[in-house]
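Okay, here's what each chain looks like letter by letter:
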Amino acid sequence: KFALQCLHGSLLTSCCTMDTTDKPQLVEHIHKSLTLTVNDVKWVPCSARFALLGTQPRGTGALQVYALNHGKLEPMMETEKQHGFKCGTFGASSLEERHFATGDYEGRLAVWNLEHVDLPIYSVKGHTGMINAIDGCGGLGVGYGAPEIVTGGRDGAVKVWDPRQKDVPVASLEPKDAETARDCWTVAFGNSFNSEERCVCAGYDNGDIKLYDLRTNSIRWETNVKNGICSIDFDRKDIQMNKLVATTLESQFSLFDLRTYHPKDGFESLTEKAHKSTVWVSKHLPQNREIFMTGGGNGSINLYKYSYPAQRVIKDPEGMEKGVMGTVELLNSRTFSTQPINSFDWHPDKEGLCVFGSFDQSVRVGIVTKLSRV
């Protein structure tokens, strides 16, 4: 079922012989140059294929699917649409259907059957202006509750959609004044640990982070980290909120412990410098939620591990519970490009297999070794 020919035989042997330390090694397996700008890459669930979204030089949208085949990328499908594609997710689809949801430069949300891409199976004009970010939940056997898609747009709105309901979002979180609205740059689902609970976290260009509770339809928590939020990622969607990584401009990322909320201080956090430039993206390893990768504006990817403190909760002088932060360790780093790594995805089934795109108009498949020993 998971016929990943690329990982068999000699490849694993060659990767292991390259290791000079006990640290995980970041190995480039395949590098493919393209004639388009890559905006997002996502593995097709239960396969050795990935979907790639981008923009052609003439401004049209590109949706492509590649398969790994004996150390090479084999094009399986390619289509061109009127408007450029910015982001995509499989998160709201079942494992059987594997429908791909996309957001484009004109604010349209579409859901595609990758076997028949002439017309989308669901389409709605969700935003005025570009859809900057998208995420899905309730599909792929991850998370409880209904399959839903969340989009964040240049108009500052965050909207939650149910693909079974036409034209109207099930929740819409919009700025009061359209003239002063801030760009929503990133969105992520989390806290979906039963059929009732679910949250959406959104990051904005002014450094705002807002956590929306979809059950109560209210803002559960908000903060500001003083730099534009490029990426937000929960360590898991389908558990009670645990950790959140937010990457920003000015070469830094913040990690929040979401288990313990203090009435005055909110959630505890730590901030680290990384990449010496904008940190474009972060993704937690599906097989180990304490490990995550970041992609930087200097063309490098960094592998980190979070370690919990001996005691996660303490009492303040007033007797209120307060969280305690652990530490973040840089396991390894490697530069792959002269341009920013703007998209990254771990394979959900094969530990260590990853794909990432960069602004040098290329896509790379990588292998991270020794993750099981960390």
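Located above this text is the structure these notes cover.
Residues numbered from 1 in each chain as written. Predicted model: local features only at pLDDT ≥ 70, side-chain atom pairs only at ≥ 80, totals over all residues. Heavy atoms only, no water.

## Here's the deal with the packing of aromatic side chains
Any aromatic ring pair is given by two values, namely how distant the centres are and how the planes are angled relative to each other.
Alright, step 1. The full count for this structure, using the stated rule, is 15 aromatic pairs.
Alright, step 2. With a centroid separation of 4.5 Å and an interplanar angle of 25°, the aromatic rings of F90 and F100 are classed as stacked. Of the two residues, F90 sits in the loop between β6 (85-89) and β7 (100-104) while F100 sits in strand β7, which places them ten residues apart along the sequence. For the pair F90 and F100, one class covers both residues: buried.
Alright, step 3. Each ring, one from F253 and one from Y304, has its centre 5.0 Å from the other, and the planes form 65°; the classification is edge-to-face. Taken together, the residues span a long stretch of sequence, with F253 in strand β20 (residues 252-257) and Y304 in strand β24 (residues 300-307) at a distance of 51 residues.
Alright, step 4. Look at F253 and you get buried, because its relative accessible area is 0%.
Alright, step 5. Judged by relative accessible area, Y304 falls into the buried class, the value being 4%.
Alright, step 6. Here a set of aromatic residues connected by ring pairs shows up, and it is made of W221, F256, Y261 and F267. (Phe/Tyr/Trp six-rings, centres within 6.5 Å; stacked < 30°, edge-to-face > 60°. Helix = DSSP H or I, 4+ residues; strand = E, 2+ residues; numbered from the N terminus. Buried < 20%, exposed > 50% of the residue type's maximum accessible area, 1.4 Å probe, protein only.)

## Some details on the side chain of D233
Alright, step 1. Its location among the elements puts D233 in strand β18 (residues 229-234).
Alright, step 2. No salt bridge is formed by the buried D233; its nearest oppositely charged neighbour, K283, is found at 4.6 Å.
Alright, step 3. Here the side chain of D233 touches H284 through a polar contact of 2.9 Å, side chain to side chain. (Lys, Arg positive; Asp, Glu negative; His and termini not counted. Salt bridge = Lys/Arg side-chain N within 4 Å of Asp/Glu carboxyl O. Polar contact = N/O pair within 3.5 Å; in protein donor to acceptor, adjacent residues only side chain to side chain.)

## Describing the pairing of strand β9 (residues 122-125)
Alright, step 1. The alternating pattern of β9 places Y122 and V124 on a buried face, while none of S123 and K125, on the opposite face, is buried.
Alright, step 2. Looking at chain direction, strand β8 (residues 108-112) and β9 are connected through four bridges and run antiparallel. Bridging from a neighbouring strand, V111 pairs with Y122 of β9. (Pairing = 2+ DSSP bridges.)

## Thoughts on the sheet that holds strand β12 (residues 158-161)
Alright, step 1. Spatially, four strands are ordered β10-β11-β12-β13 in an open sheet, and the strand pairing comes out antiparallel. Each edge of the sheet is formed by a strand with only one pairing partner; in this case those strands are β10 (131-137) and β13 (171-173). Neighbouring strand axes in the sheet, compared pairwise and without regard to direction, differ in orientation by 15° on average. (Axes fitted to C-alpha atoms, helices over the stretch in contact; angles between N-to-C directions.)

## A short note on the pairing of β18
Alright, step 1. The buried fraction of β18 amounts to six of the six residues, a majority that puts the element mostly inside the structure.
Alright, step 2. Sheet topology note: the β18/strand β19 (residues 243-248) ladder contains five bridges and is antiparallel. By the bridge assignment, S231 is partnered in β19 with T247.

## Observations regarding the side chain of S93
Alright, step 1. Along the chain, S93 turns up in the loop between β6 and β7.
Alright, step 2. Within the structure, S93 has its side chain in polar contact with the backbone nitrogen of H99 (distance 2.7 Å).

## Some thoughts on the environment of L114
Alright, step 1. By secondary structure assignment, the location of L114 is in the loop between β8 and β9.
Alright, step 2. C-alpha separation for the pair L114 and M77, spaced 37 residues apart in sequence, amounts to 8.0 Å.
Alright, step 3. Residues within four places of L114 in sequence aside, it is in contact with V44, L63, V65, M77, F90 and F100. (Contact = heavy atoms within 4.5 Å.)

## Digging into the nonpolar core
Alright, step 1. With 18 residues, the main nonpolar core has F50, L52, L68, L73, V363 and V365 as its most contacted residues.
Alright, step 2. For this core, the secondary-structure elements that each account for two or more residues are β2 (37-43), β3 (49-55), β4 (61-69), β29 (353-358) and β30 (362-368). (Core = buried A, V, L, I, M, F, W, Y, C linked by side-chain atoms within 4.5 Å.)

## Some details on the environment of F234
Alright, step 1. Along the chain, the position of F234 falls in strand β18.
Alright, step 2. The class for F234 is buried, based on a relative accessible area of 5%.
Alright, step 3. Contact partners of F234, with chain neighbours within four places excluded, come to A188, F189, G190, C201, L211, M241, K243, L244, L258 and H284.

## What about unusual backbone geometry?
Alright, step 1. With a phi close to 50°, R98 is a non-glycine residue in the positive phi region.
Alright, step 2. A relative accessible area of 23% places R98 in the partly exposed class.
Alright, step 3. The backbone of N191 shows a phi angle near 60°, a positive value even though the residue is not glycine.
Alright, step 4. The class for N191 is buried, based on a relative accessible area of 2%.

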